[in-house]
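# Architecture at a glance
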Amino acid sequence: MPELPEVEALAGYLRQRAVGRRVDRLEVAAISALKTYDPAPTEVTGRAVVDARRHGKFLDVVFEGDLHLVVHLARAGWLHYREAFPAGTPLRPGKGPIALRVRLDDGSGFDLTEAGTQKKLAAYLVSDVAAVPGVAKLGPDAFAADLPTFAERLRSRRGQVKGVLTDQSVLSGVGNAYSDEILHAAKLSPFAITDRLTDGQLAALHAATRQILGDAVERSVGQRAAELKGEKRSGLKVHARTGLPCPVCGDTVREVSFADSSLQYCPTCQTGGKPLADRRLSRIVR
Ligand SMILES: [Zn+2]
């Protein structure tokens, strides 16, 4: 799932490549992906792209006249910039991976795609970004938040730190992958309870958030957009590395599974060497 660093890189690429170009056509191939019907997709035709922004994990392509194409890429969505499109007929609604296509006046443009059968990518064409469900409720940006804001936000919600850190209304931008990395770097258990965190632990968590996201933004922005892939994620230490050695201490990275997700952590670095209870496994044992 694209998180803050990947969406930041996509926005940065669009600012370089698409700003100043006019829209030839916005084509909708997956009707269910476009969640708004007024203004109509044809309203974008002829307008210049004036900016590309990020709100949490949402990408916001801004057209002149204050029209926004706001996209949540969900788990398997991505943006592919094309220098050219195959000539011929417009996209046909169908079952392919392309949800939306934006053709620009220099022949280039971009496709919003979604792999797999679970179609969760959501696009909104709006004149007010706050009208997009989820955007108005976003908490402060996880990367931009200073320590007092960060600490106040985390303490405002009592719960397991993994869940609170990925709650977009507490702080925005961090998802499953980078929260695993941040908690590992901060040497905190994903199940630590937020309102029991010490000032020192919160400071370590804030520093780890800045470092992990900053490094990931740098890595992502350093790649050309054509090479940016949702699944690249080089440099991860624990996320999606179950069974492999922790690069910090050599212990084996472990996993806790949930109904439709999992988290990874290093017992030596994060939980005093003790494996966390895996609810799925303990249910089987019981
Ligand atoms: Zn370790």
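Provided above is the structure to which this section pertains.
In short, a report on the structure. (Residues numbered from 1 in each chain as written. Predicted model: local features only at pLDDT ≥ 70, side-chain atom pairs only at ≥ 80, totals over all residues. Heavy atoms only, no water.)

### Focus: the overall build of the chain
The secondary structure content of the chain amounts to seven helices and ten strands. Since a compact globule built from 286 residues should have a radius of gyration of about 19 Å, the 20 Å found for the chain is in line with a globular shape. Projected onto the principal axes, the alpha-carbon positions of the chain cover approximately 60 × 40 × 35 Å. The buried share of the chain, taken over its 286 residues, is 49%. Pairs at least 24 apart in sequence give 64% of the contacts found in the chain among residues at least 6 apart. When the accessible area of the chain is evaluated, it comes to approximately 13500 Å², of which 52% is carbon and sulfur surface. If the 40 positive side-chain charges of the chain are averaged to one point and the 33 negative ones to another, these points end up 6 Å apart. (Helix = DSSP H or I, 4+ residues; strand = E, 2+ residues; numbered from the N terminus. Rg over C-alpha atoms; globule rule 2.2 N^0.38 Å. Buried < 20%, exposed > 50% of the residue type's maximum accessible area, 1.4 Å probe, protein only. Contact = heavy atoms within 4.5 Å. Areas by Shrake-Rupley, 256 points an atom, 1.4 Å probe, with all protein chains shown as cover. Lys, Arg positive; Asp, Glu negative; His and termini not counted. Charge placed at Lys NZ, Arg CZ, Asp CG, Glu CD.)

### Observations regarding the pattern of salt bridges
All told, the structure shown has 18 salt bridges when counted by the stated rule. Between R47 and E43 there is a salt bridge, with its nearest N and O atoms 3.5 Å apart. Overall, the relative accessible area of 40% leaves E43 in the partly exposed class. Of the charged contacts, one joins D180 and K162 as a salt bridge, the two residues approaching to 2.6 Å between their closest N and O atoms. Of this pair, D180 sits in helix α4 (residues 176-185) while K162 sits in helix α3 (residues 161-165), placing them 18 residues apart in sequence. (Salt bridge = Lys/Arg side-chain N within 4 Å of Asp/Glu carboxyl O.)

### Here we look at the pairing of strand β3 (residues 58-63)
Of all six residues making up β3, six are buried, and the element is well covered by its neighbours. Here β3 shows no split at all, with F58, D60 and V62 on one side and L59, V61 and F63 on the other all buried.

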